[in-house]
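Breakdown of the fold
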Amino acid sequence: MTVKDVFVSAPGKAILHGEHAVVHGKVALAVSLNLRTYLRLKGTTTGNVCINLPNIDTFLCYDLSELKQLIPVSCGKLEEGKRLDAELVRRLREFIGVTDGNLDTCNMATLSFLYIYISLFGSSELPSLTVSVWSELPTGAGLGSSAAYSVCLASALLCASGAIPAPLKESDQSARWCQEDLEQINSWAFQGEMIIHGNPSGVDNAVGTWGGMLRFLAGKIIPLSRVPLLRILLTNTKVPRSTKVLVAGVKDKINKFPSIMTPVLDSVDAISCTCEKILSEMTCQPITGEHYNILEELIDINQHHLNVMGVGHPSLDTLCQVTLTKGLHSKLTGAGGGGCGITLLRPETDASVVQTTVQDLKDCGFDCWETSIGGPGVQQHSPLSVKEEVLEILNRY
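Computed from a predicted model, the values in this text were never measured in an experiment. Note on numbering: residues in each chain are counted from 1, in written sequence order. Where local features are concerned, this predicted model is filtered to residues with pLDDT of at least 70; where side-chain atom pairs are given and counted, the filter is 80 or more; whole-chain, interface and lining totals use all residues. In computing side-chain properties, one takes all heavy atoms of the structure into account and sets aside hydrogens as well as water.

This next bit is on the packing of helix α5 (residues 179–197) against helix α6 (residues 203–210). Here an angle of 0 to 180 degrees is reported between the N-to-C directions of two axes, which are lines fitted to C-alpha atoms, with helices fitted over the stretch in contact. The way it works is that DSSP assigns letters per residue, a run of H or I at least four long becomes a helix, a run of E at least two long becomes a strand, and they are numbered from the N terminus. One can describe the packing of α5 onto α6 by two numbers: an axis separation of 9 Å at closest approach and a directional angle of 145 degrees. The element α5 and its partner α6 pack so that their crossing is right-handed. For the pair α5 and α6, contact is made by Gln-179, Leu-182, Glu-183, Ile-185, Asn-186, Ala-189, Phe-190 and Glu-193 and by Asp-204, Asn-205, Ala-206, Thr-209 and Trp-210, respectively. Taken together, the residues of the contact of α5 with α6 sort by class into 6 nonpolar, 4 polar and 3 charged. Note on convention: the crossing is left-handed when the near helix lies turned anticlockwise from the far helix by less than a right angle, right-handed when the turn is clockwise. Pairs of residues are marked as contacts when any of their non-hydrogen atoms sit within 4.5 Å. Asp, Glu, Lys and Arg are counted as charged, while Ala, Val, Leu, Ile, Met, Phe, Trp, Tyr, Cys and Pro are counted as nonpolar; the rest, among them Gly, fall into the polar class.

All right, on to the environment of Glu-136 then. If you trace the backbone, Glu-136 turns up in the loop between β5 (129–135) and α4 (145–161). The spacing of Glu-136 and Val-353 is 217 residues in sequence and 24 Å in space, taken between C-alpha atoms. The residues touching Glu-136, leaving out its near neighbours within four places in the chain, are Asn-34, Leu-35, Arg-36, Tyr-38, Lys-387 and Val-390. Here a polar contact is taken to be a pair of N or O atoms separated by no more than 3.5 Å, where protein atoms must pair a possible hydrogen donor with a possible acceptor and residues adjacent in sequence count only if both atoms sit in side chains. One polar contact links the side chain of Glu-136 to the main-chain amide nitrogen of Arg-36, over a distance of 2.8 Å. Looking at Glu-136, its side chain comes within polar contact range of the side chain of Lys-387, at 2.5 Å.

Turning our attention to the pattern of salt bridges. For this analysis, a salt bridge means a side-chain nitrogen from Lys or Arg found within 4 Å of a carboxyl oxygen belonging to Asp or Glu. Counted under the stated rule, the structure contains 16 salt bridges. Close ionic contact of Asp-367 with Lys-238 constitutes a salt bridge, the shortest N to O distance being 3.4 Å. On the criterion of sequence distance, the pair formed by Asp-367 in strand β12 (residues 367–373) and Lys-238 in the loop between β9 (230–236) and α7 (243–256) is long-range, its members being 129 residues apart. Here the term buried applies to any residue with accessible area under 20% of the maximum for its type, exposed to any over 50%, and partly exposed to those in between, with areas from a 1.4 Å probe on protein chains only. Using a relative accessible area of 30% as the deciding quantity, one classes Asp-367 as partly exposed. Counted as one network, the salt bridges with shared partners bring together Glu-87, Arg-90, Arg-91 and Glu-94.

What follows deals with the layout of surface pockets. In this structure, the largest pocket encloses a volume near 1,500 Å³. If you trace the largest pocket, you find 45 residues lining it, with Lys-13, Gly-142, His-197, Asp-204 and Thr-243 closest to the centre. Mapped by element, the contributors of at least two residues to the lining of the largest pocket are β1 (6–17), β2 (28–43), α3 (105–121), β5, α4, α5, α6 and α7. Of the residues belonging to the lining of the largest pocket, the class tally is 22 nonpolar, 18 polar and 5 charged. In this structure, the second largest pocket encloses a volume near 260 Å³. In the cavity and pocket records, a cavity denotes points on a 1 Å grid over the protein atoms alone where a 1.4 Å probe fits but cannot get out, a pocket denotes an open set with protein on both sides within 12 Å along at least 5 of 7 lines, and lining residues are residues with an atom within 4 Å of a point. Grid points are joined across faces, edges and corners, and a volume is the space filled by probe spheres set on the points.

Burial within α6 is extensive, with 7 of its 8 residues counted as buried. Considered for burial, the residues of α6 that qualify are Val-203, Asn-205, Ala-206, Val-207, Gly-208, Thr-209 and Trp-210. Of the surrounding secondary structure, the elements contacted by the buried residues of α6 are β1, β2, α4, α5, β7 (213–217) and β8 (220–224). Immediately downstream of α6, the backbone of Gly-211 shows phi near 70 degrees, a positive value.

Here the focus is the nonpolar core. Among buried residues, the Ala, Val, Leu, Ile, Met, Phe, Trp, Tyr and Cys ones that are joined through side-chain atoms within 4.5 Å form a nonpolar core. By size, the foremost hydrophobic cluster in this structure holds 90 residues, and its most contacted members are Leu-41, Leu-67, Phe-113 and Tyr-117. The residues touching Leu-41, leaving out its near neighbours within four places in the chain, are Val-3, Lys-4, Asp-5, Val-6, Leu-129, Thr-130, Val-131, Ala-156, Leu-157 and Ala-160. Ile-254, Leu-265, Met-309 and Phe-366 belong to the second-largest nonpolar core, a separate cluster that totals 24 residues.

A few words now on the packing of helix α8 (residues 258–284) against helix α9 (residues 289–308). Between α8 and α9, the least distance of the axes is 10 Å, while the angle of their chain directions is 160 degrees. With respect to α9, the element α8 is oriented roughly antiparallel. α9 is crossed by α8, and the crossing has left-handed handedness. Across the interface between the two elements, Met-261, Val-264, Ser-267, Val-268, Ile-271, Thr-274, Cys-275, Ile-278, Leu-279, Glu-281 and Met-282 from α8 touch His-291, Tyr-292, Ile-294, Leu-295, Leu-298, Ile-301, Asn-302, His-305 and Val-308 from α9. When its residues are assigned to classes, the contact of α8 with α9 shows 14 nonpolar, 5 polar and 1 charged. Throughout this description, any angle smaller than 35 degrees is read as roughly parallel, any larger than 145 degrees as roughly antiparallel, any in the 65 to 115 degree range as roughly perpendicular, and the remainder as oblique.

Structural measurements only, silent on function.
Here it is, written out as structure tokens:
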């Protein structure tokens, strides 16, 4: 079986409002981040399946005859995306030599690739192919890098297996799949996320699949039809943190001071809902300075609330102070306690202001990118539409 070459990309994600409060039944808004993960799938005749992940120095090849022996009888009979085939996961873990619970980034990435590959092709003939992935997203920063990877794997392998058609027409630079195909991509990407994270919420892979903005409430994920593209600075303080510990700390505070913390959570919920309303207004009427004033105020209020919850950090205070001296407004995004923050840029913000702000943040020891939120989800690309530097990396393998 020979497969056609495919180029795909998927975005990372940031939480705009509602982190931590979402754990307690409040609305969170997740947005796509225009830092993307790119994947190239290439049909070969080597009798091997290879995966190249230069971001994490991982370059592996497996003999197809060895992989064929791992296919469980049940393969191909499971409803995709509903639950993992535990027997296949067990065999794959044994095959790559990870039988204990601890998976490093390389093993998790390999395991999710082999799982989706064998699940999709296992009932027919395993094709010889090479998958190469390059990401603009830092790993482990809470920006959905593993989900963007899983979404790219799912879309490329579903296409290669013929389960969904390639949406790209000859004259297109890039193209999106129809709703039904996106649901299938999301469903398989969620399986990849289950292998990597155990019990994911499904938000990250949904953002990677649909892009734009998603409203997340009590386990329900609703993609919002239209949102404006907003310019932001994304800053990684590079301060490591444990999401588990931070979530437990917030819960502890709520139990200790329910009459104080419940109104804080209600207020965060109202911030998410107000922000959603403003953003939908911005898509159907002329955007004004007043819209940006409100968005900035919501950012400030939410950042104070997150400090009240105990998930702030001196590095995040520094980020907020540095940007405020330039008249810009920032908040943490994700778990807090370090990690990443976002800074809203107005359309009229001068390039020199952006440049000096980025430099000031880098001088604090942070990584900083100018990017945007609200862009498209997973896409198929013609090679010509892929950034030159990304294409150069992917074509090396």
